[in-house]
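Examination of the molecular architecture
Residue-level listing of the chains:
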Amino acid sequence: MEEPKSEKPSNDHKLDPTSNDTTDEFYIDPVKEKKLLAKLDLAFTPIIMLVYLSCFLDRSNIGNVKVAGIMTDIHASNSQFSTAVSIFYATYVTFEAPAAIAMKKVTPRVILTTLCVVWSLTTIFTGFIHNIGGLYATRLILGACEAGLFPCLNLYLTMVYRREEQAKRVAYLFSCSALSGAFGGLLAYAILQMDGVSGVAGWRWVYIIEGIFSILIAVVIFFGLPNDPSNAWFLTAEEKDMMHCRNAQRAAYLGSEKFSWEEVRISATDPKLYMSGGIQFMQDILLYGFSTFLPSILKAMKYNTLQSNYLTIPVYLWGGLTFLCVAWFSDRWSIRGPFVIFANVFGILGYILLLTVKQNSVKYFATYMCAIAVYVGPGINLTWLNVNIAPHYRRAAAIGFQQSIGNTAGIVAGQIYRTAPYKLGNGFSLGALCLSQCLILGKIWYVKRQNKYKEEVREEKRSDERRVKTGDRDVEFIYHI
């Protein structure tokens, strides 16, 4: 747990109005704030992680069942199965931005519970399909329902935590995508032992049992996730006062409760959004290709069906743990882009090994190197956008738009991993990483340039000729690099 910074007033220098150092009358005892953060983490983190674990499990289990006979049973070709993987993202990218913008109006509890119930039922029904058309239909419905989950959960975290507290919490979300891979591989390995029970194929049991698990998560969301974190039922009166002080200190970051189309328009014309979206697209090619097809990649190394599922477990765990460590340092130093560049170096080396070596043991080691970039890249990049966009509705639109751009990579991932030994998929992922490095360097340059401009305005070395000067465009708002 991080040490909260002191909030004592000081008037000797200019400050970022969204940081912990806001100079106003709101003072919070750092010791008490540390206890408050621990309580918030204990209350919210398990629920949020369970929800995203359930979501990613239901989405990515298609990779586990591919090696368990689904294609034979529903009479699907490799190209049809790739289409089923990709078609999920057609509805997924369509509904992300609307869901993020609507969350505050609909309320987090209602929108998240509803989405979870529908995608859980869809997952269960997938266990009863008999042809490729049925798989297409369930994947489209699943995409529409899961579209709102990540943007809404991510946005919910910004309602609770400060800018310099967010990378670790976003890491909890992305570590769940890694855990879902590990847990999904372990669960699939266990459930596939039920093959033939009651005359039902093992892959059908995977969908049915995982769907029932997700239904239970919906109940947890409804009763455990408050619409207003500042007035959560588990907080004492003093802790609620501290939450209100924290909100007051970062008022410029949270913004008005009233929806404004102008904020959506400002977001849609922000260069940071499109640079972030481009980076996310490149990084998501890895995320969706690796998380969906790792069992198939391992099977191409001559491992059998069960081995290709359980050997994914340590790889996913390594990716998640690495991300948690990197996120801790990212929050501590308020640095984002350079950490993504650092993680991507390992991914580049990993994919080069997958493409060039012949020994399966070395290739398996390479998957661990790839896993570092697979999870650190998308997560830290998203945090980088979160902390640099304000107020709330501008940020909500930006998160939705960025995720829509990034998640179109899922369509690409489904098409590049078609046939073993997956040289096209691995080569494409390597190229995406190299392009991402260039985009990250470009965004770092842009953000530094904007901070320099604001500094010159504050020091009255130049006039402020920008049209928009509110929210993150305020001269006191310092962008994270």
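You'll find the structure just up there.
What counts, and at which threshold
- Residues numbered from 1 in each chain as written.
- Predicted model: local features only at pLDDT ≥ 70, side-chain atom pairs only at ≥ 80, totals over all residues.
- Heavy atoms only, no water.
- Helix = DSSP H or I, 4+ residues; strand = E, 2+ residues; numbered from the N terminus.
- Rg over C-alpha atoms; globule rule 2.2 N^0.38 Å.
- Buried < 20%, exposed > 50% of the residue type's maximum accessible area, 1.4 Å probe, protein only.
- Contact = heavy atoms within 4.5 Å.
- Lys, Arg positive; Asp, Glu negative; His and termini not counted.
- Charge placed at Lys NZ, Arg CZ, Asp CG, Glu CD.
- Salt bridge = Lys/Arg side-chain N within 4 Å of Asp/Glu carboxyl O.
- Axes fitted to C-alpha atoms, helices over the stretch in contact; angles between N-to-C directions.
- Parallel < 35°, antiparallel > 145°, perpendicular 65-115°, else oblique.
- Left-handed = near helix turned anticlockwise from the far one by under 90°.
- Nonpolar A, V, L, I, M, F, W, Y, C, P; charged D, E, K, R; others polar.

Side note on the overall build of the protein
- Looking only at helices and strands, the protein features 19 helices and 0 strands.
- The C-alpha atoms of the protein give 22 Å as radius of gyration, which agrees with the globular expectation for 481 residues (23 Å, within 12%).
- Considered along the principal axes of its C-alpha atoms, the protein spans approximately 70 × 50 × 40 Å.
- When the 481 residues of the protein are sorted by exposure, 60% land in the buried category.
- Considering only contacts within the protein whose residues lie at least 6 apart along the sequence, 81% involve residues at least 24 apart.
- Charge separation in the protein, taken as the distance between the mean sites of 46 positive and 38 negative side-chain charges, equals 7 Å.

Topic: the pattern of salt bridges
- In the structure shown here, the tally under the stated rule is 20 salt bridges.
- A salt bridge links R169 to D41, with the shortest nitrogen-to-oxygen separation between them at 2.7 Å. Of the two residues, R169 is situated in helix α7 (residues 166–191) and D41 in helix α1 (residues 30–66); the sequence distance between them amounts to 128 residues.
- Between E459 and K461 there is a salt bridge whose closest N-O contact spans 3.1 Å.
- Residue classification places E459 among the partly exposed positions, given a relative accessible area of 43%.

Re the packing of α1 against helix α6 (residues 149–160)
- One way to put it is that α1 packs onto α6 with a least axis distance of 11 Å and a crossing angle of 170°. Relative to α6, the element α1 lies roughly antiparallel. Counted together, L40, F44, I48, V51, Y52 and C55 of α1 and L149, F150, L153, Y156, L157 and V160 of α6 form the full contact between these two elements.

Quick notes on the packing of α1 against helix α12 (residues 271–299)
- Where α1 contacts α12, the two axes come as close as 6 Å, and the packing angle between them is 35°. The two elements α1 and α12 cross, and the hand of that crossing is right-handed. Within the contact between the two elements, α1 uses F56, R59, S60, I62, G63, N64 and K66 and α12 uses Y288, S291, T292, F293, P295 and S296.
- Here the residues of the contact of α1 with α12 sort into 5 nonpolar, 6 polar and 2 charged.

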